[in-house]
Amino acid sequence: MLIAILVILGLIVLVALWAVGVYNGLIKLRNLVQEAWRQIDVELKRRHDLIGNLVETVKGYAAHERGTLEDVMKARGAAMAGGQTPAQQAQSEGMLSAALGRLIAVAEAYPDLKANQNFMALQNELTSTEDRIASARRYYNANVRELNTKVETVPSNFVAGMFNIKREEYFEVEGAERDPVKVDFGQSNYNIPPPAGYNSPQDTAPAQIPTTPPPGQLPPSQ
């Protein structure tokens, strides 16, 4: 009888230790998700500030493009609205990216704007910020995927249900808006000169191949 009681107590202790381990793992994953989201939030705020400055710079050169500028500012305001879930934030950011893409297309028609030093600095900063957002999004979604797997699969789902640990939302931009906005302003279409010392086929004269005179005929004098 005593042995049976000890066995039962031992099993209870093992189950309790397992539950504590699973719970701690779930809490750790949830904290990683929250930390990753805070990193995204910081980069998104920087993105919104840069886009606002970009619009102000464009106004000085293309003030009559009022409709495009207003679309960007309206989408920026929606993206900056508080209380959004990650899925809602992703949708807002996708709409902002689409509006920003139209603004970039408009800027192509203004050479003076493209040559403006402030505008060039802003576009470089925006490109770097877009890259950091993409990296932070991948990190966040990886942690969300791991947490959601634990919450949904047996036996860790029992512990998650006991302590009300729920699934988290992914931060994904759908469709063509998934890729970061490219702000190279047509530089990829420029012709790159060949390296020094390289001669193109048009610049290289064909080599003179000496001909052999027929038998009994002297070769021509040089």
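What counts and what doesn't
Residues numbered from 1 in each chain as written. Predicted model: local features only at pLDDT ≥ 70, side-chain atom pairs only at ≥ 80, totals over all residues. Heavy atoms only, no water. Helix = DSSP H or I, 4+ residues; strand = E, 2+ residues; numbered from the N terminus. Buried < 20%, exposed > 50% of the residue type's maximum accessible area, 1.4 Å probe, protein only. Contact = heavy atoms within 4.5 Å. Areas by Shrake-Rupley, 256 points an atom, 1.4 Å probe, with all protein chains shown as cover. Salt bridge = Lys/Arg side-chain N within 4 Å of Asp/Glu carboxyl O. Patch = residues over 30% accessible without salt bridge, like charges linked within 9 Å, V, L, I, M, F, W, Y side chains within 5 Å. Axes fitted to C-alpha atoms, helices over the stretch in contact; angles between N-to-C directions. Parallel < 35°, antiparallel > 145°, perpendicular 65-115°, else oblique. Left-handed = near helix turned anticlockwise from the far one by under 90°. Nonpolar A, V, L, I, M, F, W, Y, C, P; charged D, E, K, R; others polar.

A. Summary view of the overall build of the protein chain. Tallying secondary structure elements over the protein chain gives six helices and zero strands in all. Counting from the amino terminus, helix and strand elements in the protein chain follow one another as α-α-α-α-α-α. Across the 222 residues of the protein chain, 32% fall into the buried class. Here the analysis covers contacts within the protein chain between residues at least 6 apart in sequence; of these, 80% occur between residues at least 24 apart. Carbon and sulfur atoms make up 58% of the accessible area of the protein chain, which amounts to about 14700 Å² in all.

B. Expanded view of the pattern of salt bridges. Taken as a whole and assessed by the stated rule, the structure comprises nine salt bridges. Close ionic contact of Lys 59 with Glu 56 constitutes a salt bridge, the shortest N to O distance being 3.4 Å. Remark: Glu 56 and Lys 59 occur in helix 1 (residues 2–59); sequence separation between them is three residues, near one turn of the helix. By relative accessible area, Glu 56 is classed as partly exposed at 47%. One network of salt bridges, in which partners are shared, links Arg 47, Glu 93 and Glu 130.

C. Region of interest: a nonpolar patch on the surface. Among the surface-exposed residues, Met 1, Leu 2, Ile 5, Leu 6, Ile 8, Leu 9 and Ile 12 lie close enough to one another that they form a single nonpolar patch of about 770 Å² accessible area. By secondary structure assignment, the location of Ile 5 is in helix 1. What makes Ile 5 partly exposed here is its relative accessible area of 39%.

D. Inspection of the packing of helix 1 against helix 5 (residues 117–152) at higher detail. Their axes nearest at 8 Å, the elements helix 1 and helix 5 cross at an angle of 160 degrees. It follows that helix 1 is roughly antiparallel to helix 5 by the angle criterion. The two elements helix 1 and helix 5 meet at a crossing, and its hand is left-handed. Of the residues belonging to the contact of helix 1 with helix 5, the class tally is 22 nonpolar, seven polar and 10 charged.

E. The arrangement of the environment of Ala 36 in detail. Relative to the assigned elements, Ala 36 resides in helix 1. For Ala 36, the residues in contact, after removing those within four places along its chain, are Tyr 139, Tyr 140 and Asn 143.

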